[in-house]
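# Examination of the molecular architecture
Spelled out, the chains give:
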Amino acid sequence: MTAASTPVPAQAPAPGSRLRGTASRRRKEGTIRAILLAAAVVSILVSVGIVLSLVFEAISFLSKIELSQVFADGWFPRRGQFSIPTLLAGTMIITVVAIALAAPIGLASAIYLSEYASRRVRGTVKPILEILAGIPSVVLGFFALTWISPNVVQAIFTDAKGFNLLAAGIGVGILTIPLVASISEDAMRAVPLALREASYGLGARRLRTSLRVVVPAAISGIVAAMILAISRAIGETMVVALAAGATAGSLFTLNPLGPGQTLTGAMASLAAGSDQVTGNSAAFQSLFFVGLLLFAMTLGLNILGDTFVRKTRQSY
């Protein structure tokens, strides 16, 4: 056989060329990648735009008022009284009452679903519990005003008003229970079975194993659930607007048995229009300042929760 008739071996394809697919497939994937990137960029731009609008309007609001107006005796925007301590006090009362109700009930529900309930019971109870989170907040706010306030709060405390922060806090707490229970139960279910078996092998009972082994092992998820619940309680609007009263304004108070104003309630009542934004030129712009304060609080809570979770998370 001559050199001219010797067959030339075919050139081997470059590594990974088959995985890249055809040119048409690469164009389609490039288009999908561009669409997804555009969606991510738009979401970032929207978030930045919202924050910047809050910051600029809040600065404009502060430039129109005196510092003493921010520490006035109460929140009466038509009169030029923009007492931030009044709103913070009402918000903290609602949050403390809500977490005092949601934390023990939600955590106990999570322990039962994770450690005691059978698979059949868990499959029935957990969806029903999560349905509670789907109840519209305006319905729960009306329930807090018409049932919780007269039949629970006023039945126990005879000097309680019809509109009161305690009833609103209980309503927010009911709304928050499914959040605590669901996330905490997921965290406990993620704890390896080997830890439970080791505890049982040492003679511990189920309750002791649940409280001394499972809960500490799932503490990062439980704390994350509590942080989310606090953020949810701070940001709740309709329950507070309906049950807490004080839609036209409120004096500074730490009494949960009377009406009060919160950050979200003040924004809802002021943004509703009517005559509550006509009394003072800075009344409408106070919405942006309160919104910026609410954003800063929730952002701080999320950062705190994320930091704690990253430091306490355990890998098994």
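Residues numbered from 1 in each chain as written. Predicted model: local features only at pLDDT ≥ 70, side-chain atom pairs only at ≥ 80, totals over all residues. Heavy atoms only, no water.

### Comments concerning the overall build of the protein
Tallying secondary structure elements over the protein gives 13 helices and 3 strands in all. In the protein, which comprises 316 residues, the proportion classed as buried is 39%. Considering only contacts in the protein between residues 6 or more positions apart, those separated by 24 or more positions represent 75%. By element, 67% of the accessible surface of the protein is carried by carbon and sulfur atoms, the whole surface being about 17600 Å². (Helix = DSSP H or I, 4+ residues; strand = E, 2+ residues; numbered from the N terminus. Buried < 20%, exposed > 50% of the residue type's maximum accessible area, 1.4 Å probe, protein only. Contact = heavy atoms within 4.5 Å. Areas by Shrake-Rupley, 256 points an atom, 1.4 Å probe, with all protein chains shown as cover.)

### Quick notes on the packing of helix 4 (residues 84-116) against helix 9 (residues 206-217)
Packed helix pairs are specified by the crossing angle of their axes together with the interaxial distance, meaning the distance between the axes. Running from amino to carboxyl end, helix 4 crosses helix 9 at an angle of 110°, the nearest separation of the two axes being 11 Å. Here helix 4 is positioned roughly perpendicular relative to helix 9, judged by the angle of their axes. Between helix 4 and helix 9, the contacting residues are I111, E115 and Y116 on the first element and R206, L207, S210, L211, V214 and V215 on the second. Grouping the amino acids of the contact of helix 4 with helix 9 by side-chain chemistry returns 6 nonpolar, 1 polar and 2 charged. (Axes fitted to C-alpha atoms, helices over the stretch in contact; angles between N-to-C directions. Parallel < 35°, antiparallel > 145°, perpendicular 65-115°, else oblique. Nonpolar A, V, L, I, M, F, W, Y, C, P; charged D, E, K, R; others polar.)

### Side note on the confidence of the model for the protein
Across the protein, the average pLDDT comes to 85, with 89% of residues at or above 70. Predicted confidence in the protein is weakest over helix 1 (residues 17-20), with a mean pLDDT of 60, and strongest over helix 4, with 93. (pLDDT = per-residue confidence, 0-100.)

### Observations concerning the packing of aromatic side chains
Tallied over the entire structure, the rule returns 5 aromatic pairs. Between F61 and F82 the ring centres are 5.1 Å apart and the planes differ by 90°, which places this aromatic pair in the edge-to-face class. With F61 in helix 2 (residues 23-64) and F82 in strand 2 (residues 81-82), this residue pair connects regions lying 21 residues apart in the sequence. There is no split in this pair, since F61 and F82 are both buried. Taken together, the ring pairs connect F61, W75, F82 and F289 into an aromatic cluster. Here the basic side chain of R79 rests over the ring of F76, its NZ or CZ set 4.2 Å away from the ring centre. The lysine or arginine in question, R206, covers the ring of Y116, its NZ or CZ lying 5.4 Å from the ring centre. (Phe/Tyr/Trp six-rings, centres within 6.5 Å; stacked < 30°, edge-to-face > 60°. Lys NZ or Arg CZ within 6 Å of the ring centre and 35° of its normal.)

### Some thoughts on the pattern of salt bridges
Taken as a whole and assessed by the stated rule, the structure comprises 8 salt bridges. The salt bridge involving K126 is made with D186; its shortest N-O contact spans 2.8 Å. Of this pair, K126 sits in helix 5 (residues 119-131) while D186 sits in helix 7 (residues 165-189), placing them 60 residues apart in sequence. Judged by relative accessible area, which is 16%, K126 ranks as buried. For D186, a relative accessible area of 42% translates into the label partly exposed. (Salt bridge = Lys/Arg side-chain N within 4 Å of Asp/Glu carboxyl O.)

### Let's talk about the nonpolar core
In this structure, I94, I148, V153, L166, I170 and V172 are the most contacted members of the largest nonpolar core, which totals 22 residues. With 7 residues, the top contributor of residues to this core is helix 7. When neighbours within four sequence positions are excluded, V172 is seen to be in contact with I94, A98, A233, E236, V239 and V240. (Core = buried A, V, L, I, M, F, W, Y, C linked by side-chain atoms within 4.5 Å.)

### A look at the packing of helix 10 (residues 219-235) against helix 13 (residues 286-312)
At a minimum axis distance of 9 Å, the contact between helix 10 and helix 13 shows a crossing angle of 175°. On the basis of their axis angle, the class for helix 10 and helix 13 is roughly antiparallel. Contacts between helix 10 and helix 13 involve I219, S220, V223, A224, I227, I230, S231 and I234 on the former and, on the latter, L294, M297, T298, L301, N302, G305, F308, V309 and T312. Of the residues contributing to the contact of helix 10 with helix 13, the split by class is 11 nonpolar, 6 polar and no charged.

### Section: the sheet that holds strand 2
Within the open sheet, the 3 strands sit side by side as 2-1-3. Their pairing is antiparallel. Two strands in the sheet have a free side with no partner beyond their single neighbour: strand 2 and strand 3 (250-251). Bridge count for strand 1 (residues 74-76) against strand 2 is 2 bridges, and the pairing is antiparallel. By the bridge assignment, W75 is partnered in strand 2 with F82. Docked against the sheet, helix 4 engages strand 1, strand 2 and strand 3, running at close to 110° with respect to strand 1. (Pairing = 2+ DSSP bridges.)

### What about the environment of P150?
Residue placement: P150 occurs in helix 6 (residues 137-156). P150 sits 11 residues away from K161 along the chain, and the two C-alpha atoms are 9.0 Å apart.

### Quick word on helix 9
An α-helical turn contains 3.6 residues, so any two residues separated by three or four positions project in the same direction. Here helix 9 has its buried residues at T209, S210, V214, V215 and A217. Axial view of helix 9: buried residues confined to an arc of 145°, hence all on one face. The exposed set on the far side of helix 9, more than 90 degrees from its buried face, consists of R208 and R212. Residues of helix 9 that are buried make contact with helix 4, helix 7, helix 8 (193-201) and helix 10. (Arc of directions from axis to C-beta.)

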